[in-house]
Amino acid sequence: MTFLRRWTLQLVRRDGREVRSLPLGGARPLVSVAGTIIALLGLGFLGGLLTAWRTESGRVLELEAEVAAHERELERMNRLASRLNELEEEFGFLQAAVTAGRPAESPPVNVVLREGMEVRSPGPAEATTLAWPLTQRGFITRHFGSRPADSREGHPGLDIAVPTGSYVRAIQAGRVEEAGEDPIYGKFLRIAHPDGLTSLYGHNAWLFAEAGDEVERLEVIALTGNTGRSSAPHLHLELARNGALLDPLSLVADHGGRDNAGAPAERQPE
């Protein structure tokens, strides 16, 4: 005699007034129902995980966007800080040009202010004389035509060592042909004078004149520096007439320039 197990599923109302019985024919339907319930629970759990993953992914993307925005802002601030440092340095040069006292060893001059620059008013006898290009004595560290042992080319000008920020003056009245920056001369000015003469002032830290400007004799046109191919602060003065290089020391007035031994610079024949 075989006994079959039968299962009955009873559904009871909350108030207990009604009970319904659903006979189940065997174990298979119960297993099927249980499997369905478990599958539904599993799908619900997976759905919850998927929703949470999508939420976290969206949050991660938002955070990455915020980080990228902060990095861009930081880069912009770094550029602004760098530019501010440059402006502060340039302002220091300007302030030194306007407020600094003239060295005691500088020759006496009559000063006239024109657009924040220093201008000397020469006497009639000085109008055609080529003036010393600095307000300080300076030390001549390299002469015209001098040549290092490892070079075949002679030096095209005169190097005068002075502190950074010293006043650079036009040796004669003229018109600025070029004003800019060069890999060799650094920040430089080239001035055209009468009789085909040109003068070049190199390695400056700051320029006060632009191309096309008319400058007067002994007008402050720049501040010395160490720009371009230079190992120390100095002024490079280069003279030419009709394209031919000249020895500056043989032409400029002797206002106390000294050689690197401390002796007054000797004038040489042209």
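Owing to the predicted nature of the structure, the values given are computational and were not obtained by experimental measurement.

Asks: How should I be thinking about the overall build of the chain in this particular structure?
Replies: Along the chain, the regular secondary structure elements total 1 helix and 15 strands. The buried share of the chain, taken over its 270 residues, is 30%. Taking all contacts inside the chain whose residues are at least 6 apart in sequence as the whole, residues at least 24 apart take part in 55%.

Asks: Can you help me understand the layout of surface pockets in this one?
Replies: A water-sized probe, rolled over the atoms, reveals where empty space remains. In this structure, the largest pocket encloses a volume near 420 Å³. Taken together, 14 residues form the lining of the largest pocket, with R142, H155, P156, I184 and R229 sitting closest to its centre. It is strand 13 (residues 234-241) that provides the largest number of residues to the lining of the largest pocket, a total of 3 residues. Residues belonging to the lining of the largest pocket are distributed by class as follows: 3 nonpolar, 6 polar and 5 charged.

Asks: So what exactly am I meant to see when it comes to unusual backbone geometry here?
Replies: Negative phi is the rule for most residues except glycine; trans is the rule for most peptide bonds. Located in the positive-phi region is D195, a residue other than glycine, with phi close to 60°. Take D195: it is sitting in the loop between strand 9 (186-192) and strand 10 (197-207). The phi dihedral of L218 falls on the positive side, at around 70°, and the residue is not glycine. Judged by relative accessible area, which is 5%, L218 ranks as buried.

Asks: What is the right way to look at the environment of H143 in this model?
Replies: When you line up the elements, H143 lands in the loop between strand 5 (139-142) and strand 6 (158-161). What makes H143 partly exposed here is its relative accessible area of 26%. A C-alpha to C-alpha distance of 7.1 Å links H143 and H155, two positions 12 residues apart in sequence.

Asks: Would you explain the confidence of the model for the chain in this entry?
Replies: As a note on interpretation, predicted positions should not be read in detail where pLDDT is low. In the predicted model, the chain carries a mean pLDDT of 76, and the fraction of residues at 70 or more is 69%. By mean pLDDT, the top-scoring element of the chain is strand 9 (97), and the lowest-scoring one is strand 3 (residues 111-114) (32). Considering only residues more than four positions removed or in separate chains, one finds that residues 99-126, a stretch of pLDDT under 50, has 46 contacts. Segment residues 260-270 is flagged for pLDDT under 50; beyond a separation of four residues in sequence, or across chains, it makes 29 contacts in the model.

Asks: Looking at this model, I keep getting lost on a nonpolar patch on the surface. Mind explaining?
Replies: Where nonpolar side chains cluster on the molecular surface, the patch consists of L40, L43, F45, L46 and L49 and spans about 550 Å² of accessible area. Summarising the element assignment, L46 is placed in helix 1 (residues 27-99).

Asks: Please explain the packing of aromatic side chains as it appears in this structure.
Replies: How two aromatic rings sit relative to each other is set out by the distance from centre to centre and by the angle between their planes. A complete count under the given rule lists 1 aromatic pair for this structure. Ring centres of Y185 and F188 lie 6.4 Å apart, and the angle between their planes is 45°; on these two criteria the pair is classed as tilted.

Asks: What should I look at first to understand the pairing of strand 10 in this one?
Replies: Working note: regular strand, side chains alternate between the two faces of the sheet. Within strand 10, 10 of the 11 residues are buried, which leaves the element mostly enclosed by the surrounding structure. When strand 9 meets strand 10, the two strands line up antiparallel, connected through 5 bridges. The partner of A192 across the bridge, within strand 10, is T198. Hairpin connection, strand 9 to strand 10: the antiparallel pair is bridged by 4 residues, and D195 has positive phi, about 60°.

Asks: What should I look at first to understand the pairing of strand 6 in this one?
Replies: In this sheet, strand 6 lies alongside strand 5 in antiparallel orientation, the contact comprising 3 bridges. If you follow F139 over to strand 6, its bridge partner there is A161. Sheet analysis places strand 6 next to strand 13, joined by 4 bridges and oriented antiparallel. Of the residues in strand 13, the one forming a bridge with A161 is H234.

Asks: Explain the pattern of salt bridges to me, please; I cannot follow it from the model alone.
Replies: Between side chains of opposite charge, a pair can form when the charged atoms approach closely. Within the structure shown, the criterion is met by 5 salt bridges. The partner of R175 in a salt bridge is E214, with the nearest N and O atoms 2.8 Å apart. Here R175, found in strand 8 (residues 174-182), pairs with E214, found in strand 11 (residues 214-215); they are 39 residues apart in sequence, far enough to count as distant. Residue R175 is classed as partly exposed on the basis of its relative accessible area of 43%. Taking the shortest distance from any N to any O, the salt bridge between R190 and E178 comes out at 2.9 Å. Taken as a pair, R190 in strand 9 and E178 in strand 8 lie far apart in primary sequence, 12 residues in all. A residue is classified by how much of its surface remains accessible, and E178, at 36% relative accessible area, is partly exposed.

Rules behind the numbers
- Residues numbered from 1 in each chain as written.
- Predicted model: local features only at pLDDT ≥ 70, side-chain atom pairs only at ≥ 80, totals over all residues.
- Heavy atoms only, no water.
- Helix = DSSP H or I, 4+ residues; strand = E, 2+ residues; numbered from the N terminus.
- Buried < 20%, exposed > 50% of the residue type's maximum accessible area, 1.4 Å probe, protein only.
- Contact = heavy atoms within 4.5 Å.
- 1 Å grid on protein atoms, 1.4 Å probe; cavity = no way out; pocket = protein on both sides within 12 Å on 5 of 7 lines; lining within 4 Å.
- Points joined across faces, edges and corners; volume = space filled by probe spheres on them.
- Nonpolar A, V, L, I, M, F, W, Y, C, P; charged D, E, K, R; others polar.
- pLDDT = per-residue confidence, 0-100.
- Patch = residues over 30% accessible without salt bridge, like charges linked within 9 Å, V, L, I, M, F, W, Y side chains within 5 Å.
- Areas by Shrake-Rupley, 256 points an atom, 1.4 Å probe, with all protein chains shown as cover.
- Salt bridge = Lys/Arg side-chain N within 4 Å of Asp/Glu carboxyl O.
- Phe/Tyr/Trp six-rings, centres within 6.5 Å; stacked < 30°, edge-to-face > 60°.
- Pairing = 2+ DSSP bridges.

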